[in-house]
Amino acid sequence: MIPTHIVADLHSHSTASDGTLLPTEVVTRAAGNDVDILALTDHDTTAGLDEAYCSANDNRIRLIPGIELSATWQGRLLHIIGLDIDPEHPPLKEGIRMLTMMRESRAVEMGKRLARAGYTNTYENARRLAGDGNITRTHFARYLIEIGAAKDFTDVFKRFLVRGKPGYYHVNWSSMEDAVAWITSAGGIAVIAHPLRYKLTANWLNRILTAFRETGGEGMEVVCGRNTPDDNVRSALFARKHGLLASQGSDFHEPGKWVELGKLAQLPDGMIPVWQHWMPR
Ligand code: AMP
Ligand code: MN
Ligand code: MN
Ligand code: MN
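**Focus on the domain arrangement of the chain**
Accessible area lost upon the coming together of the parts serves often as the stated size of an interface.
Okay, step 1: Its domain assignment divides the chain into domain 1 (8–89 + 174–278) and domain 2 (96–161).
Okay, step 2: Computed from C-alpha atoms alone, the centre-to-centre distance between domain 1 and domain 2 is 24 Å.
Okay, step 3: Looking only at domain 1, the three residues that lose the most surface to domain 2 are Asp18, Asp44 and Trp258, adding up to 36% of its buried area.
Okay, step 4: Put simply, domain 1 and domain 2 have 2 salt bridges between them.
Okay, step 5: The salt bridge involving Arg103 is made with Asp44; its shortest N-O contact spans 2.9 Å.
Okay, step 6: There are 10 residue pairs in polar contact (both at pLDDT 80 or more) connecting domain 1 and domain 2.
Okay, step 7: When residues of the side of domain 1 that touches domain 2 are assigned to their parent elements, the largest contribution, 3 residues, is made by strand E3 (residues 62–73).

Listed below in C-alpha cells is the structure:
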C-alpha cells in the first residue's frame, strides 16, 4: 500500500563533512523523527554513505545516496545537490577528489589569513575538528567560537568567514555544468540547493535557473531548512516557471541548531515532488 503522506528529508549532513553526528546517528535520528525517505548529502563527499546504508537497513528507512556539490557560476557560489547517485561512478569520484583537494588547500590559505589577523593554528584546529571528513568553513567557525573569538555562528561568519573578511579565501569550485554532468552521468538528479540563500535578484535567479535547466538540472529545493512560509511560496513560483521538480530538505547539521531532521512544511500545492517515484520501505 502506498502511504498517503510520505515524510522526505533530502538534505542532511554528517561527520563526513560539517555535520556533528555520525552517518549512523543521522539515520537513527531521522527514523526517530518519522522520516520515510532520507538523503545524506555531505559537502563534496559520499564517504558517509556506506555507514548510513547499514543503519538505514536496521531502521527501516529509505536512504537515497546523495551529495552537495560546491559549484561556481559566473563567480557566484552555488550548491548543487545530487540525489540517487551512483557514488562509484568514475567521473563523479574524480570530481569529488578534486573538490576535496580544493577544500584542503583553501583551508590552509584560510589558516594563513587568520594568522595574519592574529588567530594562529586555526587550520590545524579546524582540521582536528573535521576528523576524517571534508574540511569546511563550519569547522573554522566552531574553533573560532570555541576560543571565544566570536559568540555564535552568525557572528563568526559575518566577522571572519565571508568575502572581504580575514578568514575568507575565494576559490572557484567546479563549474555548474561539470557538477550537473557528474551527477546526471552517475544516474542522479541534480537539484539546486536553497535558491533563496544566495541573495540574488529575481533576474539573476531566473538566469541561473535557466542555465541550470539547460545543462540538465531537474530540481530545485522549494521547502528548505531556514525558509519562511513566504519563501516556500516564492520558491514554488520559480520552480513552476522553470519546470523544475520540487525537493525539500532540512539541511540538518547538528541537534539544536537551525532545523531538525524531517521537520519541514508541506510542499505548496501543484508541485511535482522530486521523490515522486521513490517508495518508502
Ligand atoms: P564551505 O562549503 O566550506 O564554504 O562552508 C559552507 C557551510 O558553512 C554551509 O554549508 C553552512 O553549513 C555553513 N554556513 C555558511 N554561512 C553560514 C552562516 N551565516 N551561519 C551558519 N553557518 C553558515
Ligand atoms: Mn554545511
Ligand atoms: Mn548548502
Ligand atoms: Mn547543506
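**What to know about the coordination of the manganese ion (ligand 3)**
Okay, step 1: On the protein side, the manganese ion (ligand 3) has Glu68 (OE), His79 (ND1) and His194 (NE2) as donor atoms, found 2.1 to 2.2 Å from it.
Okay, step 2: Between consecutive donor residues of the manganese ion (ligand 3), the sequence gaps follow E-x10-H-x114-H.
Okay, step 3: Between the manganese ion (ligand 3) and the manganese ion (ligand 2) the interatomic distance comes to 5.6 Å. Of this pair, His79 sits in strand E4 (residues 76–83) while His194 sits in the loop between strand E6 (189–192) and helix H8 (202–214), and the two are 115 residues apart along the sequence.

**Observations regarding helix H6 (residues 153–161)**
Okay, step 1: By the burial criterion, the buried members of H6 are Phe153, Asp155, Val156, Phe160 and Leu161. All buried residues of H6 fall inside an arc of 155 degrees around its axis, so they share one side.
Okay, step 2: In this structure, the buried side of H6 is in contact with helix H3 (90–116) and helix H5 (137–146).

**Comments concerning the pattern of salt bridges**
Okay, step 1: Evaluation of the coordinates by the stated rule reveals 11 salt bridges.
Okay, step 2: Between Glu146 and Arg128 there is a salt bridge; the shortest N-O distance is 3.5 Å. Here Arg128 lies in helix H4 (residues 122–130) and Glu146 lies in helix H5, a separation of 18 residues in the sequence.
Okay, step 3: Close ionic contact of Arg197 with Asp251 constitutes a salt bridge, the shortest N to O distance being 3.2 Å. Here Arg197 is found in the loop between E6 and H8, whereas its partner Asp251 is found in the segment after strand E8 (245–249), with 54 residues between them in sequence.
Okay, step 4: Since its relative accessible area comes to 33%, Arg197 is described here as partly exposed.
Okay, step 5: Put simply, Arg142, Glu254 and Lys257 are held in one network by salt bridges that share partners.

**Considerations on unusual backbone geometry**
If a residue is not glycine, its phi is most likely negative; likewise, a peptide bond is most likely trans.
Okay, step 1: One non-glycine residue, Asp84, lies in the positive phi region at around 60 degrees.
Okay, step 2: By the secondary structure assignment, Asp84 is in the loop between E4 and H3.

Here is what the cut-offs are and how they apply
Residues numbered from 1 in each chain as written. Chains lettered and ligands numbered in written order. Predicted model: local features only at pLDDT ≥ 70, side-chain atom pairs only at ≥ 80, totals over all residues. Heavy atoms only, no water. Domains from an automatic or database assignment. Buried area = accessible area lost by both parts, 1.4 Å probe. Salt bridge = Lys/Arg side-chain N within 4 Å of Asp/Glu carboxyl O. Polar contact = N/O pair within 3.5 Å; in protein donor to acceptor, adjacent residues only side chain to side chain. Helix = DSSP H or I, 4+ residues; strand = E, 2+ residues; numbered from the N terminus. Donors = N, O, S within 2.8 Å, 3.2 Å for Na, K, Ca; no water. Buried < 20%, exposed > 50% of the residue type's maximum accessible area, 1.4 Å probe, protein only. Arc of directions from axis to C-beta. Contact = heavy atoms within 4.5 Å.

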